[in-house]
Amino acid sequence: MDDEIAEPRGLWRHPAFVKVGLPVLSAALFAVLWQVAASSGIWSATFVPSIGSIWKAFVDMSTTHDGVRGYGGYLLWEHLYMTLRRVLLGVTVGVVLGVLLGLSMGVVPWFRALVEPWLTFLRALPPLAYFFLLVIWLGIDEAPKVTLLALAALPPAAVATTSAVAATPIAFVEAAKALGANRLQVLRDVVIPSALPETFTGIRLSVGIAYSSVVAAELFNGIPGIGGVVKDASNYNNTPAVLVGILAIGLSGLVIDGILRVIERRAVPWRGKA
């Protein structure tokens, strides 16, 4: 009887459609609206290029044409590879230091009081504010780029880890101590597992913020690199190439975030079940 009066699950509520279909539908709708805007003639092609010109820029940047190899002598995947390598190095350094810093701040109150103002100061600074200083100190090669991305990734990881450690239920800590656990065992078996879910959120934020700093990191000597392509193409009002670069950054960012979500589900299977 209940089955007869139950409302049938439509396509819009199907999990597969919600997870895959809706994002694809959203992207398709955006593309259609963009093409309509480009075809309307309200804006010039410099401001709103057609989907066809963006596709042509993508093909040109991905192949060798008329004796020209990609953009700036590098194919699109080579630009993307260099950017991802810089992001990986920077995020790894920033996240490792941030998590260790956050753990120390969460466990040692006086250390938190000492370091937290500096983290807040760093979080408030836009990347361009200190990138030029890094260039003066480290030159225009890879060092300032990776350092900038590391500095961008460090604060979110540190703040999230600190907050997660501080939020560890006192009852769990006291129960572990009552069972004979020493301070190191409490940290290893209670505090760190409790903090892991929030720490992973901080890591995902770190990756996102580092990615948003890519163009700034590749302002100087950024080719090969997607940020360098975006900066160079903007100098010549080459909007299709700029949009291809933005799409490459955004789509690769979505893929990386998806990978982090999978890792998080496997590493923290108890999230949301406590």
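Criteria and cut-off values
- Residues numbered from 1 in each chain as written.
- Predicted model: local features only at pLDDT ≥ 70, side-chain atom pairs only at ≥ 80, totals over all residues.
- Heavy atoms only, no water.
- Salt bridge = Lys/Arg side-chain N within 4 Å of Asp/Glu carboxyl O.
- Helix = DSSP H or I, 4+ residues; strand = E, 2+ residues; numbered from the N terminus.
- Buried < 20%, exposed > 50% of the residue type's maximum accessible area, 1.4 Å probe, protein only.
- Phe/Tyr/Trp six-rings, centres within 6.5 Å; stacked < 30°, edge-to-face > 60°.
- Patch = residues over 30% accessible without salt bridge, like charges linked within 9 Å, V, L, I, M, F, W, Y side chains within 5 Å.
- Areas by Shrake-Rupley, 256 points an atom, 1.4 Å probe, with all protein chains shown as cover.
- pLDDT = per-residue confidence, 0-100.
- Contact = heavy atoms within 4.5 Å.
- Core = buried A, V, L, I, M, F, W, Y, C linked by side-chain atoms within 4.5 Å.
- Expected span 1.5 Å × (residues − 1).
- Arc of directions from axis to C-beta.
- Axes fitted to C-alpha atoms, helices over the stretch in contact; angles between N-to-C directions.
- Parallel < 35°, antiparallel > 145°, perpendicular 65-115°, else oblique.
- Left-handed = near helix turned anticlockwise from the far one by under 90°.
- Nonpolar A, V, L, I, M, F, W, Y, C, P; charged D, E, K, R; others polar.

Draft legend 1. Quick look at the pattern of salt bridges. Under the definition given, this model contains 9 salt bridges. Where E142 meets R86, a salt bridge forms, and the shortest distance between an N and an O atom there is 2.9 Å. Residue E142 is found in helix α7 (residues 142–166), and its partner R86 is found in helix α4 (residues 76–107); the two are separated by 56 residues along the sequence. For E142, a relative accessible area of 27% gives the class partly exposed.

Draft legend 2. Spotlight on the packing of aromatic side chains. With the rule as written, the count across this model stands at 6 aromatic pairs. Aromatic side chains F30 and W34 sit 6.0 Å apart centroid to centroid with 45° between the ring planes, which places their arrangement in the tilted category. Here F30 pairs with W34, and both are found in helix α2 (residues 15–40), just 4 residues apart, close to one helical turn. Three or more aromatic residues link up through ring pairs in this structure, and these residues are F131, F132 and F220.

Draft legend 3. Structural context of a nonpolar patch on the surface. Together, L128, F132, I140 and F220 make up an exposed nonpolar region whose accessible area comes to about 350 Å². Residue position: F220 is located in the loop between α10 (214–217) and α11 (226–235). Overall, the relative accessible area of 33% leaves F220 in the partly exposed class.

Draft legend 4. Fine view of the confidence of the model for the protein chain. When pLDDT is averaged along the protein chain, the result is 88; 92% of the residues meet or exceed 70. Across the protein chain, helix α3 (residues 51–62) holds the top mean pLDDT of 95, while helix α1 (residues 2–5) sits lowest at 48. With pLDDT under 50 throughout, residues 1–8 is counted as low confidence; its partners more than four residues away or in other chains account for 1 contact.

Draft legend 5. Up close: the side chain of T239. Along the polypeptide, T239 turns up in helix α12 (residues 239–267). When near neighbours in sequence (up to four residues on either side) are disregarded, T239 contacts T46, F47 and P49.

Draft legend 6. The arrangement of the nonpolar core in detail. In this structure, M61, V91 and L148 are the most contacted members of the largest nonpolar core, which totals 47 residues. If one sorts the elements of this core by residue count, helix α9 (residues 183–212) sits on top with 9 residues. Beyond its immediate stretch of four places on either side in the chain, L148 contacts P127, Y130, F131, L134, S213, A216 and A217.

Draft legend 7. Seen up close, the environment of R265. Here R265 is to be found in helix α12. On the basis of relative accessible area, R265 is assigned to the exposed category, the value being 55%. Taking C-alpha positions, R265 is 46 Å from S44, a pair spaced 221 residues apart along the chain.

Draft legend 8. Up close: the environment of V268. Here V268 lies in the segment after α12. C-alpha of V268 to C-alpha of D60: the two residues are 208 residues apart in sequence and 43 Å apart in space. Contacts of V268, omitting those with residues within four sequence positions, involve L196, P197 and F200.

Draft legend 9. Representation of α3 in the model. Over its 12 residues, α3 runs 16 Å from end to end, which matches the ideal 16 Å to within 8%, given 1.5 Å per residue. Along α3, the positions that sit buried rather than exposed are I54, A57, D60 and M61. Summarising the axial view, the buried residues of α3 lie within an arc of 125°, below the 170-degree limit, and thus occupy one face. Opposite the packed face of α3, turned more than 90 degrees from it, sit the exposed residues W55 and K56.

Draft legend 10. Just unusual backbone geometry, in detail. Cis geometry marks the peptide bond from I223 to P224; its omega dihedral reads 5°. Among the secondary structure elements, P224 is positioned in the loop between α10 and α11. Unusually for a residue other than glycine, N221 sits at a positive phi of about 55°. Note on placement: N221 falls in the loop between α10 and α11.

Draft legend 11. Fine view of the packing of α11 against α12. Contact pair α11 / α12: the axes reach a minimum separation of 8 Å and the direction vectors enclose 160°. On the basis of the axis angle, α11 is roughly antiparallel to α12. Here α11 and α12 pass one another in a crossing that is left-handed. When α11 is examined against α12, the residues I226, V229, V230, A233 and S234 are found in contact with a partner set consisting of A241, V242, G245, I246, A248 and I249. Per-class residue counts for the contact of α11 with α12 are 9 nonpolar, 2 polar and no charged.

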